[in-house]
Amino acid sequence: METGIRVLLLSAALALGGCASIHHLFHRHDDADAQASNDADAADSDAHPPRVIDPDVERRKIKVPQIHSQNVEFGIQYGALSVENFGTNPVYGFTAAYHITEDFFFQGAFGRSQAGRTSFETLSNINLLTPSERYFTYYDLSLGYNFLPGEIFLGRKTAMTSAFYVLAGIGSTDFAGDSKFTVNFGGGYRVLPTDWMAVHVGVEDHVFQSDLLGVDKLTNNLEVVIGASVFF
Amino acid sequence: MQRLPSARYLLLVLFLATPGLCGAREYLQVFVVTPYLELHTGPGRGYPVFNVVERDGSVDVLVRYTEWFKVRTERGVVGWVAEGDMLHTVLADGSPFTFNRGDRAGFTSHRFEMGMFAGSYGGATLISSYGSFSFNSQLAAEVSVGQFLGNVSNGVVADFGLTHVFLPDWRWSPFVMLGTGVVHTEPKATLVQPVNRTEQTAYVGGGMRYYLTRRFFLRAEYKTHVVFTKLNSNEVVDEWKLGFAFFF
């Protein structure tokens with residue numbers, strides 16, 4: 001054991017000595033270089049004054065990190081749609097929104113449902129529409145306004161930002177083999193469990209002119225949805 | 001008991017992967033030069049101030065949401081700072097922190113625009129939206145898509161072209177447009193079986209934009225399309241529309 005320690009110490013001493021001698025070797029070399037350059041400087045100083053600061057310093061390029069904006073929101077929603085005269089059925093859809101200011105947002109939505117049967121069809125056992133014509137497909141472009149922003153508190157430590165919103169827009173509804181110009185308006189409530197995710201509850205009315213049942217009239221098609229969305 | 005180590009490894013892998021997936025990024029650091037910088041609890045004017053950063057302190061800018069910046073202080077406190085307050089901070093080299101704001105200067109010169117319209121396309125009701133990319137304050141490339149719903153036919157129309165804005169620094173600024181596109185027409189069923197058609201178009205038009213406030217402006221435009229039909233003569237369709245748009 002003791003012999004081992006002695007060997008270790010000896011080899012350490014030798015290694016240090018070696019480094020010192022090598023350093024000395026280089027150092028001497030440096031001294032020789034310094035001496036040579038001093039002689040050269042002395043010769044130059046007769047011609048030009050010595051340069052204290054070298055002005056040719058290349059400017060350091062600073063890369064400023066980009067700030068990530070989280071104004072775009074993509075969402076999915078599911079709920080119930082009451083197609084006037086055709087009963088209430090499940091509806092699913094997608095939304096994409098751009099938040100322009102803290103108050104306003106621009107939203108595009110797409111949704112699809114399948115209408116049921118009218119009471120006339122049930123009683124007479126006559127089908128007014130083919131199965132493919134019963135698909136109620138809509139899209140709309142809306143402008144939304146956030147109001148009553150606030151926070152909801154879960155216990156002592158958790159707070160989530162929230163807001164009510166109203167929106168109105170225009171779009172098109174494909175139903176009963178025809179596309180109709182549609183006006184939509186509604187409102188909802190949005191809670192953000194994190195800064196990048198939101199949960200929505202919304203109610204919307206899709207209004208369009210229809211002469212499907214013999215009389216040309218405005219039909220109101222109410223929709224209630226729950227949705228989730230992610231901010232990018 | 002046998003399952004526990006694997007669950008622990010899974011957690012470890014998740015923990016190690018998390019910064020790579022969503023966190024390991026460099027944030028911009030800005031310094032406070034006003035007496036203090038207020039931190040709000042949420043990104044809105046009504047959310048209360050719960051913390052301040054004193055002069056010469058710094059914050060990391062984590063993310064931006066509309067007119068609000070989410071920041072983290074040196075002590076690790078995270079809060080939201082209003083755009084107006086962030087204007088009074090400086091970068092590490094002492095230069096002021098500048099960023100794209102929704103104001104009149106932004107209206108004059110910006111990169112992107114989006115908007116929605118309602119109007120008429122050859123007498124049919126038109127719903128349309130557009131997006132544009134500006135090369136400079138006067139010249140932009142635009143794409144617009146729309147759907148028209150009429151008594152005799154429905155269809156979709158898509159255009160691509162260039163827009164030149166005159167007097168971009170004026171609140172009322174006129175513009176002219178030139179481009180090409182396609183129109184897909186689906187005639188409604190009549191006595192004869194109709195045929196859907198897709199035809200190329202060329203258009204020329206003009207319009208006016210009016211700056212409202214913040215990032216919003218109104219836009220009204222008129223286009224005249226020449227539809228290159230397979231018939232003996234081409235068709236001319238007038239389109240006019242009115243809508244709102246925003247820039248970013």
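Residues numbered from 1 in each chain as written. Chains lettered and ligands numbered in written order. Predicted model: local features only at pLDDT ≥ 70, side-chain atom pairs only at ≥ 80, totals over all residues.

## As for the overall build of chain A
Here is the rule: Every helix listed is a DSSP run of H or I at least four residues long, and every strand listed is a run of E at least two residues long, numbered separately from the N terminus. Contact between two residues is assigned when their C-beta atoms, built from the backbone, lie within 7 Å.
Assigned secondary structure in chain A consists of two helices and eight strands. Traced from its N-terminal end to its C-terminal end, chain A shows the element sequence α-β-β-β-α-β-β-β-β-β. Contacts in chain A between residues far apart in sequence, at least 24 positions, make up 53% of those at least 6 positions apart.

## Some thoughts on the overall build of chain B
Cut-off, in case you're wondering: Exposure classification rests on a simple neighbour count of other C-beta atoms within 10 Å of a residue's own: a residue reaching 20 or more is buried, one at 12 or fewer is exposed, and one in between is partly exposed. C-beta atoms are placed from the backbone.
Within chain B, the secondary structure is distributed over three helices and 15 strands. Taking all 248 residues of chain B together, the buried fraction comes to 31%. Of the contacts made within chain B by residues no fewer than 6 positions apart, 45% connect residues no fewer than 24 positions apart.

## Describing the interface of chain B and chain A
Contact with chain B, which involves 31 residues of that partner, is made by 26 residues of chain A. Where the side of chain B that touches chain A is concerned, the elements lending two or more residues are strand 4 (58–65), strand 5 (68–73), strand 8 (112–121), strand 9 (124–134) and strand 10 (139–149) of chain B. Per element, the largest residue contribution to the side of chain B that touches chain A is four residues, and it comes from strand 4 of chain B.

## Considering the environment of Phe86 of chain A
Residues and elements named next belong to chain A. Among the structural elements, Phe86 can be located in the loop between strand 1 (72–82) and strand 2 (88–99). Of the residues examined, Phe86 has 26 C-beta atoms within 10 Å and is grouped as buried. Residues Phe86 and Thr137 lie 51 residues apart in sequence; the distance between their C-alpha atoms is 14 Å. Once residues within four sequence positions are removed from consideration, Phe86 is found in contact with Ala115, Gly116 and Thr118.

## Observations regarding the sheet that holds strand 11 (residues 153–165) of chain B
All names here are of chain B. We count it as follows: Each pair of strands is called paired provided DSSP finds at least two bridges between the two strands. For helices, the axis comes from a line fit to the C-alpha atoms of the stretch in contact; other axes are also lines fit to C-alpha atoms, and the angle between any two N-to-C directions lies between 0 and 180 degrees.
Read around the barrel, eight strands follow the order 8-9-10-11-12-13-14-15 and close on themselves; strand pairing throughout is antiparallel. Going from strand to strand, the sheet's axes swing by 25° on average, the running direction of each strand aside. As judged from the 14 bridges shared by strand 12 (residues 172–187) and strand 13 (residues 197–213), these two strands associate in the antiparallel manner. Residue pairing for strand 13: Val182 is matched across the bridge by Gln200.

## Quick notes on the nonpolar core
Residue and element names in this part refer to chain B. Which entries qualify depends on this criterion: Under the definition applied here, buried Ala, Val, Leu, Ile, Met, Phe, Trp, Tyr and Cys residues are grouped into a nonpolar core through C-beta atoms within 7 Å.
Of all hydrophobic cores here, the largest spans 15 residues; its most connected members are Tyr121, Ala124, Leu126, Ile127 and Phe148. For this core, the secondary-structure elements that each account for two or more residues are strand 8, strand 9 and strand 10. Apart from residues no more than four positions distant in its own chain, Tyr121 is found in contact with Leu126, Gly146, Phe148, Val157, Val237 and Glu239.

## Remarks on the pairing of strand 15 (residues 235–247) of chain B
All names here are of chain B. Sheet analysis places strand 8 next to strand 15, joined by nine bridges and oriented antiparallel. When the sheet's bridge partners are listed, Gly119 is paired in strand 15 with Lys241. Pairing geometry for strand 14 (residues 216–228) and strand 15, over twelve bridges, is antiparallel. Its bridge partner being in strand 15, Phe216 is matched across the sheet by Phe246.

## As for the sheet that holds strand 4 (residues 135–154) of chain A
Residue and element names in this part refer to chain A. Judged by pairing direction, the barrel is antiparallel, and its eight strands sit side by side in the order 1-2-3-4-5-6-7-8 before closing back on the first. Each strand axis lies, on average, 25° off the axis of its neighbour in the sheet, ignoring direction. Bridge analysis of strand 1 against strand 2 gives eleven bridges, and the strand direction is antiparallel. By the bridge assignment for strand 2, Gly75 is matched with Thr95.

## Quick look at the environment of Gly144 of chain A
All names here are of chain A. Structurally, Gly144 is set in strand 4. With 77 residues separating them along the chain, Gly144 and Asn221 place their C-alpha atoms 19 Å apart. For Gly144, the contacting residues outside a window of four places in its chain are Phe104, Phe105, Gln107, Tyr165, Val166 and Leu167.

## Digging into the confidence of the model for chain B
All names here are of chain B. This is how the line gets drawn: Confidence per residue, as judged by the predictor, is encoded in pLDDT with a range of 0 to 100.
Per-residue confidence for chain B gives a mean pLDDT of 88, with 88% of residues at or over 70. Note that pLDDT drops below 50 for residues 1–5; the model gives that stretch zero contacts with residues more than four away or on any other chain. The low-confidence segment residues 10–23, where pLDDT is below 50, has two contacts with residues more than four positions distant or belonging to other chains. Among the scores for the predicted complex, ipTM is 0.81 and pTM is 0.78.

## Some thoughts on unusual backbone geometry
All names here are of chain B. Even without being glycine, Leu167 reaches a positive phi, approximately 50°. Counting through the fold element by element, Leu167 comes out in the loop between strand 11 and strand 12. Residue classification places Leu167 among the partly exposed positions, given that 13 C-beta atoms sit within 10 Å. Phi at Arg214 is positive, roughly 50°, even though this residue is not glycine. Assignment of secondary structure puts Arg214 in the loop between strand 13 and strand 14.

## Digging into the pairing of strand 1 (residues 28–32) of chain B
All names here are of chain B. The sheet contact formed by strand 1 and strand 4 spans four bridges and is antiparallel. Bridge pairing in strand 4 places Leu28 opposite Val61. Here strand 1 runs beside strand 7 (residues 89–90); their pairing, made up of two bridges, is antiparallel. In the strand pairing of strand 7, Val32 is matched with Thr89.

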